[in-house]
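# Structure assessment
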Amino acid sequence: MTERLNAARPYALGLFRIVTGLLFACHGAASLFGVLGGAHGGGTVPVGAWPGWYAAVIQLVAGALVLLGAGTRSAAFIASGSMAYAYFTAHQPDALFPIQNSGESSALYCWTFLLLVFTGPGAYALDRLLPTRGNRVAQTEQRPRAATV
């Protein structure tokens, strides 16, 4: 049973990444474009307003990158940091625990994205299709060298 679960790990991680990225991008789209109910129940965040507009841009862009699995670790790192900032500036001053200060989603997103920084994108990611420096080095080292005369 454990072997089957271990074999499915990259696919479960990939689906986890896709859903998380989609949900995060939806937050950004709602705040920037007023779709899906808009920001805080309606409307949009004014362009350039600190920190809401910048947070929404991070949510949309990082969420889309994580969803696609493109630059997953970097995008997840930035998203995690933005959610830590949101938690400690907007929620934590009201109370110590997330359940008391309505910061559950910020705390969960922060830790979720931090996990993706360390685990990588899993299956179904564009990162897997693009050659990376590490892959190029490994492929170069595996090729037989031509004999010189």
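In this report, we go over the structure that sits alongside the text.

Each value, and the rule that gives it
- Residues numbered from 1 in each chain as written.
- Predicted model: local features only at pLDDT ≥ 70, side-chain atom pairs only at ≥ 80, totals over all residues.
- Heavy atoms only, no water.
- Helix = DSSP H or I, 4+ residues; strand = E, 2+ residues; numbered from the N terminus.
- Buried < 20%, exposed > 50% of the residue type's maximum accessible area, 1.4 Å probe, protein only.
- Contact = heavy atoms within 4.5 Å.
- Areas by Shrake-Rupley, 256 points an atom, 1.4 Å probe, with all protein chains shown as cover.
- Axes fitted to C-alpha atoms, helices over the stretch in contact; angles between N-to-C directions.
- Left-handed = near helix turned anticlockwise from the far one by under 90°.
- Nonpolar A, V, L, I, M, F, W, Y, C, P; charged D, E, K, R; others polar.
- Core = buried A, V, L, I, M, F, W, Y, C linked by side-chain atoms within 4.5 Å.
- Parallel < 35°, antiparallel > 145°, perpendicular 65-115°, else oblique.
- Expected span 1.5 Å × (residues − 1).

Our next topic: the overall build of the protein chain. Within the protein chain, the secondary structure is distributed over six helices and zero strands. Traced from its N-terminal end to its C-terminal end, the protein chain shows the element sequence α-α-α-α-α-α. Taking all 149 residues of the protein chain together, the buried fraction comes to 32%. Sequence separation of at least 24 residues holds for 66% of the intrachain contacts in the protein chain that already meet a minimum separation of 6. Entry remark: accessible area of the protein chain is about 9,800 Å², with carbon and sulfur atoms responsible for 67%.

At a minimum axis separation of 9 Å, helix 2 (residues 52-68) and helix 3 (residues 72-91) run at an interaxial angle of 145°. Helix 3 is crossed by helix 2, and the crossing has left-handed handedness. Packed against helix 2, whose contacting residues are Ile58, Gln59, Ala62, Leu65 and Val66, the element helix 3 presents Thr72, Ala75, Ala76, Ile78, Ala79, Ser82 and Met83 at the interface. Split into classes, the residues belonging to the contact of helix 2 with helix 3 amount to nine nonpolar, three polar and no charged.

Attention shifts here to the nonpolar core. Phe24, Val66, Ala76, Met83, Phe113 and Leu116 are the most contacted members of the largest nonpolar core, which has 14 residues in total. Going through the elements one at a time, helix 1 (2-33), helix 2, helix 3 and helix 5 (104-119) are the ones with two or more residues in this core. Sequence-distant contacts of Met83, defined by excluding residues within four places in its chain, comprise Phe24, Gln59, Ser106, Tyr109 and Cys110.

Moving on, we come to the side chain of Ser31. Within the secondary structure, Ser31 sits in helix 1. Once you skip the residues sitting within four places of it in the chain, Ser31 turns out to touch Ala39, Thr44, Val45 and Ala56.

Tracing the backbone shows Gly43 in the loop between helix 1 and helix 2. A relative accessible area of 42% places Gly43 in the partly exposed class. Measuring from C-alpha to C-alpha, the distance between Gly43 and Ser31 comes to 7.4 Å, with 12 residues separating the pair along the chain.

At a closest axis distance of 8 Å, the pairing of helix 3 and helix 5 adopts a crossing angle of 155°. One finds that helix 3 runs roughly antiparallel with respect to helix 5. Both helix 3 and helix 5 take part in a crossing whose hand is left-handed. Residue-level contacts link Arg73, Ala76, Phe77, Ala79, Ser80, Met83, Ala84, Ala86, Tyr87 and His91 of helix 3 to Ser106, Ala107, Tyr109, Cys110, Phe113, Leu114, Leu116, Val117, Phe118 and Thr119 of helix 5. Counted by class, the contact of helix 3 with helix 5 contains 15 nonpolar, four polar and one charged residues.

In this model, helix 5 (16 residues) spans 22 Å end to end at C-alpha, consistent with the 22 Å of a helix rising 1.5 Å per residue. By the burial criterion, the buried members of helix 5 are Ser106, Ala107, Tyr109, Cys110, Thr112, Phe113, Leu116 and Val117. Looking at the buried residues of helix 5, the elements they touch are helix 1, helix 2, helix 3 and helix 4 (98-101). With its phi angle positive at about 85°, Gly120 sits one or two positions after the end of helix 5.

These results come straight from atomic positions and should not be treated as a statement about function.
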